[in-house]
Amino acid sequence: MTLTAQEVEQLKHAPAVPRVLPVVLERWSPRSFDASRNVSSEDLRILFEAARWAASSSNEQPWRWIVGLRGPESGPEAHPETQPEPHHDAYNKIFQSLGEWNQAWAGSAPVLVLGLAKASFSKDGSANQYAMHDLGAADATLCYQATALGLHSHQMAGFDHALARRLFNIPEDYHLGSVNAIGYLGEPAALKVEYQRNLETVPRTRKPLAEIVFSGWEQPLDLI
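Just so you know, these numbers come straight off a predicted model, no measurement behind them.

Enquirer: I keep staring at the overall build of the protein chain and nothing clicks. Help me out?
Expert: When helices and strands are counted, the protein chain shows eight helices and six strands. Secondary structure elements in the protein chain, listed N-terminal to C-terminal, are α-α-α-β-α-α-β-α-β-α-β-α-β-β. In summary, the protein chain has a C-alpha radius of gyration of 19 Å against a globular reference of 17 Å for 224 residues, a match within 12%. Projected onto its principal axes, the C-alpha positions of the protein chain cover 60 × 60 × 30 Å. Burial status across the protein chain gives 42% buried among its 224 residues. Taking the intrachain contacts of the protein chain between residues at least 6 apart in sequence as the baseline, contacts between residues at least 24 apart amount to 69%. Accessible area of the protein chain: about 12,700 Å², with a carbon and sulfur share of 54%. The average position of the 19 basic charges and that of the 26 acidic charges among the side chains of the protein chain differ by 2 Å.

Here it is as structure tokens:
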């Protein structure tokens, strides 16, 4: 039996944990997005407002984001002879850099975001060893804010970093993080790859705390 988007939404929510924020339990990473629904400019502004208030080492705020919005000439239907708007062009470039596995589904997402982190401190040019950590913190904040707005996000590692750097002329002093697909949940049946459809309808799991929280190396912390 094929599950609906609403059924999948409930299936993917984590089990209730008292006092844990609902957005933490409800956040998950779909592959099926509703291609007919765009994300408003106001909601995009709110997402990045939330992200920019994430913690960062020495308040460097090393994160940068290149945002692409899906247009009629975007994604798999893009045509080289068209002259898209800048934000549509950014979408096409990000999509072009994705691996084939991710291109199979990400073209339905109305927003694609490439995350970057400045690798050196602005004050003295020294290496910022925590730049990627800080980008991750900001991206996580963005994802939780997306959940609070009724949106979904899916971060991808599977893209060609060298190609993305070349397409956007990104300076060497910036590390590339992930590509984030953002939009409204779509029907799982819309996914063309069977394995991806199956992944969409499997409950989420996590390692128990005893495997990840220690009082000494591989000595589980006694949590009541």
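Enquirer: Teacher, can you tell me more about the sheet that holds strand β3 (residues 152-156) here?
Expert: By way of backbone hydrogen bonds, the strands of a sheet pair with one another, either parallel or antiparallel. Pairing within the open sheet is antiparallel, and its four strands lie in the order β1-β2-β4-β3. Every other strand in the sheet has two partners, leaving β1 (63-69) and β3 as the edge strands with one partner each. Strand-to-strand twist across the sheet, computed as the mean angle between neighbouring axes with direction ignored, equals 25°. Pairing analysis gives five bridges linking β3 to strand β4 (residues 174-183), with the strands arranged antiparallel. Paired with serine 153 across the strands is isoleucine 182, a residue of β4. Along the sheet, helix α4 (residues 86-97) contacts β1, β2 (111-118) and β4; its crossing angle with β1, the most-contacted strand, is approximately 105°.

Enquirer: Help me understand a nonpolar patch on the surface in this model?
Expert: On the surface, Val17, Val20, Leu21 and Val24 cluster together into a nonpolar patch covering about 290 Å² of accessible area. You can see valine 17 is positioned in the loop between α1 (5-12) and α2 (22-26).

Enquirer: I tried to follow the pattern of salt bridges on my own but got confused; where do I start?
Expert: Should their charged atoms come close, side chains of opposite charge can pair. Throughout the structure, instances matching the rule amount to five salt bridges. Of the charged contacts in the structure, one is a salt bridge between glutamate 42 and arginine 45, with a shortest N-O distance of 2.8 Å. One end of the pair, glutamate 42, and the other, arginine 45, are both in helix α3 (residues 41-52), three residues apart, so they sit about a helical turn from each other. Classification of glutamate 42 as partly exposed rests on a relative accessible area of 42%. In this structure arginine 45 comes out as partly exposed when scored by relative accessible area, which is 42%. Ionic pairing is found between arginine 45 and glutamate 49, a salt bridge with its closest N-O pair at 4.0 Å. A residue pair is termed a helical-turn pair when its members lie 3 or 4 positions apart in one helix, as arginine 45 and glutamate 49 do in helix α3 at four residues. Classification of glutamate 49 by relative accessible area gives partly exposed; the value is 28%. Put simply, Glu42, Arg45, Glu49 and Arg52 are held in one network by salt bridges that share partners.

Enquirer: When you look at α1 in this model, what are you seeing that I'm missing?
Expert: Working note: α-helix, 3.6 residues per turn, so residues spaced by three or four point in the same direction. Taken residue by residue, α1 has Ala5, Val8, Glu9 and Lys12 as its buried positions. One side of α1 holds all its buried residues, which, seen down the axis, span an arc of 105°. Residues Gln6 and Gln10 are exposed on α1 and point more than 90 degrees away from its buried face. Packing partners of the buried residues in α1 comprise α2, β3 and α8 (194-200).

Enquirer: When you look at the packing of α4 against helix α7 (residues 161-168) in this model, what are you seeing that I'm missing?
Expert: Taken N-terminus to C-terminus, the directions of α4 and α7 make an angle of 160°; their axes are 8 Å apart at the nearest point. Here α4 lies roughly antiparallel to α7, going by the angle between them. Seen along the crossing, α4 lies across α7 with a hand that is right-handed. Facing α4, whose interface residues are Ala90, Lys93, Ile94, Gln96 and Ser97, α7 presents Leu163, Ala164, Leu167 and Phe168. Class assignment of the residues belonging to the contact of α4 with α7 gives a composition of six nonpolar, two polar and one charged.

Cut-offs applied
Residues numbered from 1 in each chain as written. Predicted model: local features only at pLDDT ≥ 70, side-chain atom pairs only at ≥ 80, totals over all residues. Heavy atoms only, no water. Helix = DSSP H or I, 4+ residues; strand = E, 2+ residues; numbered from the N terminus. Rg over C-alpha atoms; globule rule 2.2 N^0.38 Å. Buried < 20%, exposed > 50% of the residue type's maximum accessible area, 1.4 Å probe, protein only. Contact = heavy atoms within 4.5 Å. Areas by Shrake-Rupley, 256 points an atom, 1.4 Å probe, with all protein chains shown as cover. Lys, Arg positive; Asp, Glu negative; His and termini not counted. Charge placed at Lys NZ, Arg CZ, Asp CG, Glu CD. Pairing = 2+ DSSP bridges. Axes fitted to C-alpha atoms, helices over the stretch in contact; angles between N-to-C directions. Patch = residues over 30% accessible without salt bridge, like charges linked within 9 Å, V, L, I, M, F, W, Y side chains within 5 Å. Salt bridge = Lys/Arg side-chain N within 4 Å of Asp/Glu carboxyl O. Arc of directions from axis to C-beta. Parallel < 35°, antiparallel > 145°, perpendicular 65-115°, else oblique. Left-handed = near helix turned anticlockwise from the far one by under 90°. Nonpolar A, V, L, I, M, F, W, Y, C, P; charged D, E, K, R; others polar.

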